[in-house]
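# Notes for the structure review
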Amino acid sequence: MMGAECMKRFFIISGGKIEDAFAKAVLNGVAEKTVIAADSGMEFLRRNEIIPQIIIGDFDSVSSGTLEWFQKKDDIIWHKLNPVKDDTDTESAIHLAISMGAEFITVLGGTGSRLDHVLGNIELLGIGLETGVKIELLDANNRIRMTDCGMILKKEEQFGKYVSFFTVGGDVTGLTLRGFKYPLNGYHLTVEDSGLTVSNEISEETDEITEKQAEITFEKGILIVIESRDDAAMTYEI
């Protein structure tokens, strides 16, 4: 698989909760990138005097002062959306990034106290499965991804100590978790028993195959994979 450092990287700054120090460290850690501000995501960027390449939205949730601040800046591409629309500003930003050739999209500000927004943004990860583009929601304590083909998590690169799995749109069949503290072998995971796959951990015990990494495989279905941590000071690695 192509390394993330070689991919065409896009960052979408949405209007949810953002811890400034964490988000700035993430953005500064990627040299070649395109930053898209989705409506009130401009607030974080203004606070930190970061100028995005693109701003998109209907601008109904950003303050007038912040909007005017960016309107005075040069070399920003603006995409004004109709307030009467089906897509959220974040969804429109994702579609725009993909149309521009994005291969890896990180959404900052896609989580927070508004659970309706969080759940809606998690559903947007499905766009990545449809288009073959890697998409993640990222905050100081969580990395959220969606997969229909499994994945490998290397312990040295994991975002947080805990790894949880949830089904999307139906059962996941033949789920095998290898290299985890609590392994599974060919398990039929349903929505009703998804508590079985909450707060797992990559095992400290290794062999010639696992080599301090965990493997997630399954036969059919879609999984939400959430890496979580209590200590937000840990580094972010892809």
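Above this text is the structure in question.
A brief look at the structure comes next. Small disclaimer: the values here were computed from a predicted structure and weren't measured. (Residues numbered from 1 in each chain as written. Predicted model: local features only at pLDDT ≥ 70, side-chain atom pairs only at ≥ 80, totals over all residues. Heavy atoms only, no water.)

### Describing the packing of helix α4 (residues 89-99) against helix α5 (residues 115-131)
Inclusion rule: Lines fitted to C-alpha atoms define the axes here, with helix axes fitted over just the stretch in contact, and angles between the N-to-C directions of these axes take values from 0 to 180 degrees. Numbering of helices and strands runs from the N terminus; a helix is a DSSP stretch of H or I covering at least four residues, while a strand is a stretch of E covering at least two. Roughly parallel refers to an angle under 35 degrees, roughly antiparallel to one over 145, roughly perpendicular to one between 65 and 115, and oblique to any angle outside these ranges. Put simply, a crossing is left-handed when the front helix is turned counterclockwise from the back one by less than a right angle, and right-handed when it is turned clockwise. Note on definitions: a residue-residue contact is assigned when non-hydrogen atoms from the two residues lie within 4.5 Å. Under the scheme applied here, ten amino acids are nonpolar (Ala, Val, Leu, Ile, Met, Phe, Trp, Tyr, Cys and Pro), four are charged (Asp, Glu, Lys and Arg), and all others, including Gly, are polar.
Put simply, α4 and α5 touch, their axes get as near as 10 Å, and they point 20 degrees apart. Relative to α5, the element α4 lies roughly parallel. The way α4 lies across α5 gives a crossing that is right-handed. Taken together, the residues of α5 that come into contact with α4 (itself represented by Thr90, Glu91, Ile94, His95 and Ile98) are Asn121, Leu124, Ile127 and Thr131. The class makeup of the residues in the contact of α4 with α5 is four nonpolar, four polar and one charged.

### Comments concerning the environment of Pro83
The following threshold applies: For every residue, the accessible area obtained with a 1.4 Å probe (protein chains only) is divided by the maximum for its type, and the residue is called buried under 20%, exposed over 50%, and partly exposed between those limits.
Position of Pro83 relative to the elements: it lies in the loop between β4 (77-80) and α4. By relative accessible area, Pro83 is classed as exposed at 54%. Spatially, the C-alpha atoms of Pro83 and Leu67 are 16 Å apart, while their sequence positions differ by 16 residues.

### What to know about the pattern of salt bridges
Note the following rule: Within this document, salt bridges are pairs made up of a side-chain nitrogen of Lys or Arg and a carboxyl oxygen of Asp or Glu, the two lying within 4 Å of each other.
Per the stated rule, a full pass over the model turns up five salt bridges. In this structure, Asp20 engages Arg47 in a salt bridge whose closest nitrogen and oxygen atoms are separated by 2.8 Å. On the criterion of sequence distance, the pair formed by Asp20 in helix α1 (residues 20-28) and Arg47 in helix α2 (residues 42-47) is long-range, its members being 27 residues apart. Linking Glu227 and Arg145 is a salt bridge whose minimum nitrogen-to-oxygen distance equals 2.7 Å. Here Arg145 lies in strand β7 (residues 142-147) and Glu227 lies in strand β14 (residues 223-228), a separation of 82 residues in the sequence. With respect to burial, Glu227 and Arg145 carry one shared label: buried. Look at the salt bridges and you will find they share partners, linking Glu136, Arg143, Arg145 and Glu227 into a network.

### Here's the deal with the packing of aromatic side chains
Note the cut-off: By convention, a stacked pair of Phe, Tyr or Trp rings (six-membered ring in the case of Trp) has centres within 6.5 Å and planes under 30 degrees apart, an edge-to-face pair has planes over 60 apart, and any other such pair is tilted.
If you walk through the whole model with that rule in mind, you get four aromatic pairs. Centre to centre, the rings of Phe59 and Trp78 are 5.7 Å apart; their planes meet at 75 degrees, and the pair counts as edge-to-face. Of this pair, Phe59 sits in the loop between β3 (54-57) and α3 (64-71) while Trp78 sits in strand β4, placing them 19 residues apart in sequence. Aromatic pair Trp69 and Phe70: ring centres 4.9 Å apart, planes at 90 degrees, arrangement edge-to-face.

### Points about unusual backbone geometry
Here the phi dihedral of Glu49 falls at roughly 55 degrees; this positive angle occurs in a residue that is not glycine. Residue position: Glu49 is located in the loop between α2 and β3. Assessed through its relative accessible area of 64%, Glu49 is described here as exposed. In the Ramachandran plot, Phe59 falls in the positive-phi region, its phi being about 60 degrees despite a non-glycine side chain. Residue classification places Phe59 among the buried residues on the basis of a relative accessible area of 15%.

### Observations concerning α1
Our working rule: Note that the arc is defined by the directions from the helix axis to the C-beta atoms.
Looking at α1, one finds that the buried residues are Phe22, Ala23, Val26 and Leu27. Each buried residue of α1 sits inside an arc of 130 degrees when the element is viewed along its axis, so together they form one side. Facing away from the buried side of α1, by more than 90 degrees, are the exposed residues Ala21 and Asn28.

### Description of the layout of surface pockets
Convention followed: The distinction between a cavity and a pocket rests on a 1 Å grid over the protein atoms alone: a 1.4 Å probe fits inside a cavity but cannot get out, while a pocket stays open yet meets protein on both sides within 12 Å along at least five of seven lines, and a residue with an atom within 4 Å of a point counts as lining. Grid points are joined across faces, edges and corners, and a volume is the space filled by probe spheres set on the points.
Estimates place the volume of the second largest pocket at around 460 Å³. Residue assignment for the lining of the second largest pocket shows that the elements contributing at least two residues are α4 and α5. If one sorts the elements of the lining of the second largest pocket by residue count, α5 sits on top with five residues. Its residues placed into classes, the lining of the second largest pocket shows two nonpolar, 15 polar and nine charged.

### Here we look at the sheet that holds strand β8 (residues 151-154)
Basically, it comes down to this: Strands qualify as paired when DSSP identifies two bridges or more between them.
Read across the sheet, four strands follow the order β8-β13-β10-β11 without closing on themselves; strand pairing throughout is antiparallel. Sheet topology places β8 and β11 (184-189) at the edges, where each strand pairs with a single neighbour. Each neighbouring strand pair of the sheet contributes to a mean axis angle of 20 degrees, computed without reference to strand direction. Bridging between strand β10 (residues 172-178) and strand β13 (residues 213-217) involves three bridges; their strand directions are antiparallel. Within the sheet, the bridge partner assigned to Thr176 lies in β13 and is Thr217.

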